[in-house]
Structures are given as C-alpha cells and as structure tokens.
Amino acid sequence: MKYIILFAVIVLSSCTKETTNSVIVDSDRNLDKMNAFMNGAIEVDYKHDFRVSKLNNEVPPRVSPLLEERKLIQYASASGDVMLQKYTEVQSTISEWAGQNENDRYTWVIQNTSLKYLRRLFLIENQSLYVSEISFLLKILVNTKSVDLDVLADAFQHCNLNLSSGEQDRYFNYIKKLHDHEIDFIRTNVLKFKEKYDDSTGPEKMKYLAYGKDLERRSKACQYTRDLLGIEITSVD
C-alpha cells in the first residue's frame, strides 16, 4: 500500500462498473435514484463537495435553520455579485456566532457559508484583492475544526505569505494533521468497504458504494493537498 491513494481510487472506482439488476427497492423513484448513482450519473467532485465537521452530540436538533442562518446559506449560494455585496453582513454575523458557538450551535452554518464563499468566490476571483477575506475565513474554519481539506489547502496557499509565522505554523500543522487523519481513515477502510460492497446486495450494496465514493473523494483531496503544499505521505510496506 505504498501508493495508497492510487490504489484506493482504482479499487473504489471499480465499484461503479457493477450493474444494478439485482437491486430490490420499494418504489420506482428509489430505483431510479439508485440506478443513476450506481451507474455513475450522480458524481460529486471533491472540490465542489462542502464537507462540514461532525457536530457535537449535545447539539439539540432543530427542525429548520433560524431565519438568520437561512439568510447566510442563501447568500453563500447566490451569484458572485450578490455574494460580494452581502459579504460585510456575512463576515459580521460569522464573527459574532463564532464567539457564541458553545456545543457547536453554529458550526454547520459557519463552515458551510465560509467554505462556499471561499470556493465559489474568493478563490476563483483575483485572489490578491481578497487576501484579508481568505485569511479571515481560513481562521474561522480552523477554529471550528473544519474537515474540508482541499478548501483549507487552497486558502492557505493563497494567503500564507500574509500570515504571521505563528499563524503559518498553526494552519499548516492543522492541515497536515487533517491530511494524515484522512490517509489513516482511507487505509483502515478501503479494503473493508470493498469487501462489504462485494458481499452485499440491494440497498446495502448502495450504502457501501456511497462509502467507497466518499473514500475516493477523500483520496483525491489528499493528493491535491500534497501536490499543493508539499506534504509527504508515510509509506506502508
């Protein structure tokens, strides 16, 4: 497993070539969704898949987001012009909520909004104009323990020269630790998920295909991060 990333992608990609003739579901609607997923029609590129940290188990479930949370989510999904126009309000709200985030009350909306503003706006425009915005959102993501590796790596790459040496070390070490954790997760689960996929049928088979595709996305994000920041992977004999 010295080349674990390539190995994981090859193994997990092979899952998408399986047919779904043996899949049994309760409705035609679910069957259509499963067939589309199994045949690769539903794909999520790792650079457009906004991964948010697992929330604290003590967070009480809410039926729907609060009005203020919905506003931020809408702004982060709007056109670039609207996103930029609303950013001052977004930044102020995120700063306030980050200081009131006991038990991850606002983690989901903070991270989701920050990730989308980076990936959909500040990291695709003229980055030199938005260094302070990228730095701010990177700090917010690290402080809330974000797990979206490729966005963190991109943000760090674009703003690291404007950070203090202490911030550089802190953010790089966080990204490196997250990368290593992802690699360990892939190594631990790639063969297990493939075996479960091969041995299962129906909805259970779909579940392990989804797990496999998640590992594939994680693998690609790790490779992207290493290429961008020069992080080395530990070989396993």
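Residues numbered from 1 in each chain as written. Predicted model: local features only at pLDDT ≥ 70, side-chain atom pairs only at ≥ 80, totals over all residues. Heavy atoms only, no water.

### Concerning helix α9 (residues 202–229)
Part 1 of the argument: End to end, α9 covers 41 Å across 28 residues, agreeing with the expected 40 Å (1.5 Å per residue, within 8%).
Part 2 of the argument: One or two residues past the end of α9 sits Gly-230, with phi positive at roughly 75°. (Helix = DSSP H or I, 4+ residues; strand = E, 2+ residues; numbered from the N terminus. Expected span 1.5 Å × (residues − 1).)

### Topic: the packing of helix α6 (residues 131–143) against helix α8 (residues 165–199)
Part 1 of the argument: The contact between α6 and α8 brings their axes to 11 Å, and the two run at 55°. The orientation of α6 relative to α8 falls into the category oblique. The crossing of α6 and α8 is left-handed. Side by side, α6 and α8 meet where Leu-138, Lys-139, Val-142 and Asn-143 of the first sit next to Arg-170, Tyr-171 and Tyr-174 of the second.
Part 2 of the argument: Class assignment for the residues of the contact of α6 with α8 results in four nonpolar, one polar and two charged. (Axes fitted to C-alpha atoms, helices over the stretch in contact; angles between N-to-C directions. Parallel < 35°, antiparallel > 145°, perpendicular 65-115°, else oblique. Left-handed = near helix turned anticlockwise from the far one by under 90°. Contact = heavy atoms within 4.5 Å. Nonpolar A, V, L, I, M, F, W, Y, C, P; charged D, E, K, R; others polar.)

### A short note on the nonpolar core
Part 1 of the argument: Core analysis: the largest hydrophobic core is formed by 51 residues, its most contacted members being Ile-94, Tyr-117, Leu-118, Phe-122, Leu-137 and Leu-138.
Part 2 of the argument: Those elements that place two or more of their residues in this core are α3 (67–76), α4 (80–98), α5 (107–122), α6, α7 (149–159), α8 and α9. (Core = buried A, V, L, I, M, F, W, Y, C linked by side-chain atoms within 4.5 Å. Buried < 20%, exposed > 50% of the residue type's maximum accessible area, 1.4 Å probe, protein only.)

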